[in-house]
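Remarks on the overall topology
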Amino acid sequence: MVYVNEFIETDPGNIAGQQHERTVWEAVKRAFMGRNCIGYWTYPIFNRLGQSRKAPDIFIVDKELGLIVIEVKGVTIDQITRIDGGHWRFQNFYTESANPYRQAEDALWAILTYCNSESNIRGRVTGRSIVALPLVQQEEWQNRGFDSSPNCPPIIFRNQLSPARLIRVIEEAILVQSGNNLDDQQWGTLLSVISGGAVHRKDEIQPTVLSTGTQRRSDVINVVRQQLYEIDLQQARIGLQIPPGPQRIRGIAGSGKTVLLCQKAVNMYLSHPDWDIALVFFTRSLYDQIIDTVDKWMRHFTNGDITYRDNPTAQSKLKVLHAWGARDRDGFHRLMCNENQVNPMTVRDTSFRNPNEGLADISRQLLTRLDQNIRPIFDAILIDEGQDLVVDPQTLKYQDKQSIYWLAYQSLRPCDPNNPAQRRLIWAYDETQRLASDTIPSAPQIFGGDPVFTRFVVGFYKPGFSKSEVMKRCYRTPGPILVAAHALGMGFLRIGGMLSGITEQREWEKIGYEVEGDFRRTDSLITIRRPPVNSPNPIPRLWEGNIIDFNLYNTRDRELEVLAENIRYNLEVDGLQPSRQILVVVLGDNYVASTLQNKVANFLMQSGIDIFIPSATRLNEIRTDNQNPDAFWHEGGITVSKISRAKGNESDMVYVLGLDHVASSENNVNLRNQLFVAMTRARGWVSMSGIQGNYPMYDEINRVLASGNTFSFINRPSQHNISHEDTEEDNNN
């Protein structure tokens, strides 16, 4: 049975009516402590109220009692002048009238609508709507005769806030929907629905081929897609909380950082429609994916009433921005230039060819030109792929600060006028996905030695509301693939010792591993293991064969012949769709990878398989000239991509080609990081291949694959230590 006892406060900065809501909230926490339940103070389901939208004040999901929505009104008995049915009249209050029970009931029905979309709990979830009057005694209410008013709703009075009395009032409240006692499976479904599990669900595949009697990948994928995500309390909390200042989110590959940031941004927009919010990312091919995810959360939180894609109002207040931008589409840097009356800078204005270094350079130039007199235009900035917005060269920093982050910070309005340093900058990253920098985006690295920022993201805003979070569960990539990717990316079993890795037990545990041994003792034996609970993707237990393949070939042509054969099998037997379900990633430095990308694309086309090169305008176009830079997928074609474009995207079946380019330079950290990123694009299966050669890394790969989810190695100093220098920032584990 799933047991939870969690109380989530989503928006401590929203002070309207907060004092009286807090009185009821604290009473709810005391009454429901120890029960199997989740409580929310302001749950993000936004129903229309006049010209604005309002979320329910307090919402409780309890295994025995079902759903409970409580609408709090902080009025005294003398402020209530009249009650006509459900309509209440007030004096000396922020509004002249309200229908508090209707508000609670509408919110409840909106939530029940989501519940009723799941067949195993449809019509089975009990629902109650209640009004709370924490300033009114029951006797005062009765003396005014309000208790005999038609349609008098269930009410929690001031003298009913003790745990026993509060539970009794809720139990005796009339039911909006009568349900049943939920079994464990139904309870799990309900928790998933409440946490937004339906947003994560993908459409089932409709295979165009008949079953051959053998197990097909499309069948396994459909089984997975029919399942709702199990509730992740940490994700549920982080995704809904609106911090009153900065927050750092460190997440393992596939942990859902992008989805969580989209959820957080949408909740901010709906809770504070007057705010200006930016959601910034680095990989331009993620535009459609991020906009689609924002749109899904917008629809989810408003019961389908509001969209994002076709909503200019929402798009003007919640901006989805590539970090750089282009002439035809505003990005964060381009927008900041325009807002500060500076001609937007382009790649021609920097001599640095790496995109992240070029962006840092022009950001530094902008900061220098304006002498930090940046116009603050945002109330919140959320940064995805934060590891790609830091650089190593000191010359690209601005006064010892990471230029891009400092530009973002300067563009923010203070959260608190009494504390101008407190600004809502939220960044998420995974240090193992760095492709062009060894720097980790910790607060000291971002803001240098400035004492104002020494403890910028250390500690808590309040209990349960951390300034720094670590997400250790990987939902996208199956456990065996993730573990192998970590092992190869860092070089766990490398003959010369770990090349780039974590050298502290606490850091390993934060990203979901169990550790035996003492990292403080050189040459001691270290064993790390990843438990299944932190890699819940079910494909390894559903698929009868291997989910990781590694093959070597005498020639590149033979490698490509087998690739074409495997893709035909995926299409004709497995029933996979070419776009979004099959991805080919090529490895190597830019020139080598570009050459291999073209060779792969041409070979597949000659084999009768349609391909798509990211940024092309149509299928089977090899020379793209970056005409369509936002495009990564195209209906009907297999995407063949270099790692720089593939990062952030995902697919069910991933082919990783050119492994010999890594093996021939196995001590190159950036090439190993490419391999890690390529492998972790997989939602189901990964196939790695290369040309045969006398490379020790090939033996290393075989030993890694034979080790499963447990690795033992001799502890020696890592050549590139990626342990955090500011581990005290992470407070949730």
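Let me begin by describing the structure that accompanies this report. (Residues numbered from 1 in each chain as written. Predicted model: local features only at pLDDT ≥ 70, side-chain atom pairs only at ≥ 80, totals over all residues. Heavy atoms only, no water.)

A closer look at the overall build of the protein
As a reminder of what qualifies: Starting at the N terminus, helices and strands are each numbered in turn, a helix being any DSSP run of H or I of at least four residues and a strand any DSSP run of E of at least two. Buried, partly exposed and exposed residues are distinguished by accessible area as a fraction of the type maximum, computed with a 1.4 Å probe on protein chains only: under 20%, between the cut-offs, and over 50%, respectively. Contact definition: two residues touch when any of their heavy atoms are within 4.5 Å. With residues, only the protein chains shown are counted as cover, and all accessible areas are computed by Shrake-Rupley using a 1.4 Å probe. We score Asp and Glu as negative and Lys and Arg as positive, and we do not count His or the chain ends. Charged groups are reduced to one reference atom each: NZ for lysine, CZ for arginine, CG for aspartic acid, CD for glutamic acid.
The secondary structure content of the protein amounts to 25 helices and 32 strands. Taking the principal axes of its C-alpha atoms as reference, the protein extends roughly 90 × 70 × 55 Å. In the protein, which comprises 733 residues, the share counted as buried stands at 60%. Residue pairs at least 24 apart in sequence account for 74% of intrachain contacts in the protein once pairs closer than 6 positions are excluded. Put simply, the protein shows about 28,700 Å² of open surface, and 45% of that area lies on carbon and sulfur atoms. Distance from the positive charge centre (78 side chains) to the negative charge centre (85 side chains) of the protein: 2 Å.

Examining the sheet that holds strand β31 (residues 710-714)
Defined as follows: For two strands to be treated as a pair, DSSP must find no fewer than two bridges joining them. The axes are straight lines fitted to the C-alpha atoms, using for helices just the contacting stretch, and the angles between their N-to-C directions are given from 0 to 180°.
Taken together, three strands build an open sheet; the order of strands is β23-β24-β31 and the sheet is antiparallel. Edge positions in the open sheet fall to β23 (514-516) and β31, since each of these has one partner strand only. Averaged over all adjacent pairs, the angle separating strand axes in this sheet is 20°, with direction ignored. Both β23 and strand β24 (residues 525-529) contribute to a ladder of three bridges, which runs antiparallel. When the sheet's bridge partners are listed, V515 is paired in β24 with I528.

So, the side chain of S615
Mapping S615 onto the fold places it in the loop between β27 (611-612) and β28 (638-642). Residues within four places of S615 in sequence aside, it is in contact with T624, N626, Q627, N628, P629, A631 and R645.

A closer look at the packing of helix α19 (residues 556-572) against helix α21 (residues 590-606)
The criterion, for reference: Here is the rule for angles: anything less than 35 degrees is roughly parallel, anything more than 145 is roughly antiparallel, 65 through 115 is roughly perpendicular, and the remaining ranges are oblique. When the near helix sits turned anticlockwise from the far one by under a right angle, the crossing is termed left-handed; a clockwise turn instead gives a right-handed crossing. When residues are grouped by polarity, Ala, Val, Leu, Ile, Met, Phe, Trp, Tyr, Cys and Pro land in nonpolar, Asp, Glu, Lys and Arg in charged, and all others, Gly among them, in polar.
At a minimum axis separation of 10 Å, α19 and α21 run at an interaxial angle of 55°. For the element pair α19 / α21, the angle class is oblique. The handedness of the crossing between α19 and α21 comes out as right-handed. Contacts between α19 and α21 involve R556, D557, L560, E561, L563, A564 and I567 from the first element and L596, K599, V600, F603 and L604 from the second. For the contact of α19 with α21, the residue count by class is eight nonpolar, no polar and four charged.

Observations concerning the state of the cysteines
Note on terminology: disulfide describes a covalent bond linking the sulfur atoms of two cysteines. Which entries qualify depends on this criterion: When the sulfur atoms of two cysteines come within 2.5 Å, that pair is taken as a disulfide.
What the rule picks out here adds up to zero disulfides. We note that C115 lacks a disulfide partner, and the nearest cysteine sulfur, in C37, lies 16 Å from it.

Things to note about the pairing of strand β29 (residues 651-657)
Most of β29 is tucked away: seven of the seven residues are buried. Here strand β26 (residues 582-586) pairs with β29 via five bridges, running parallel. Across the sheet, L583 pairs through a bridge with V654, a residue of β29. Relative to strand β30 (residues 682-691), β29 runs parallel, the two being bridged by five bridges. Across the sheet, V654 pairs through a bridge with V686, a residue of β30.

Points about helix α16 (residues 479-490)
This is how it is decided: The span you would expect from a helix comes to 1.5 Å times its residue count less one.
Between its first and last C-alpha atoms α16 spans 16 Å; for 12 residues at 1.5 Å apiece the expected length is 16 Å, and the two agree. In terms of residue burial, α16 counts as a mostly covered element, since 11 of its 12 residues are buried. Those residues of α16 not exposed but buried are G479, I481, L482, V483, A484, A485, H486, A487, L488, G489 and M490. Following α16 by one or two positions, G491 has its phi on the positive side, about 85°.

Some details on helix α12 (residues 332-339)
What sets the pattern is the α-helix's 3.6 residues per turn: residues three or four places apart point alike. Counting buried positions over the eight residues of α12 gives six, a clear majority of the element. For α12, the full list of buried residues reads F332, H333, R334, L335, M336 and C337. Those residues of α12 that are buried lie in contact with β13 (277-281), β14 (318-322), α13 (355-370), β15 (380-383) and α14 (403-410). One or two positions beyond α12, positive phi appears at Q341, with a value near 55°.

Some details on the packing of aromatic side chains
This is how it is decided: By convention, a stacked pair of Phe, Tyr or Trp rings (six-membered ring in the case of Trp) has centres within 6.5 Å and planes under 30 degrees apart, an edge-to-face pair has planes over 60 apart, and any other such pair is tilted. We count a charge as sitting over a ring when the NZ of a lysine or the CZ of an arginine lies within 6 Å of the ring centre and within 35 degrees of the ring normal.
This model, assessed by the stated rule, comprises 34 aromatic pairs. Ring centres of W406 and Y409 lie 5.0 Å apart, and the angle between their planes is 15°; this geometry places the pair in the stacked category. Placement of the pair is W406 and Y409 together in helix α14, with a separation of three residues, close to one helical turn. The exposure class assigned to Y409 is buried, which follows from its relative accessible area of 3%. Considering the side-chain rings of F492 and W508, the 5.4 Å spacing of their centres and the 65° angle between planes classify their relative orientation as edge-to-face. Here W508 lies in helix α17 (residues 505-510) and F492 lies in the loop between α16 and β22 (500-501), a separation of 16 residues in the sequence. On the basis of relative accessibility, which here comes to 0%, the residue W508 falls in the buried class. Grouped by ring-pair contacts, the aromatic residues W88, F90, F93, Y94, W141, F146 and F157 constitute a single cluster. When the ring centre of W406 is taken as origin, the NZ or CZ atom of K401, which lies over that ring, is 4.8 Å away.

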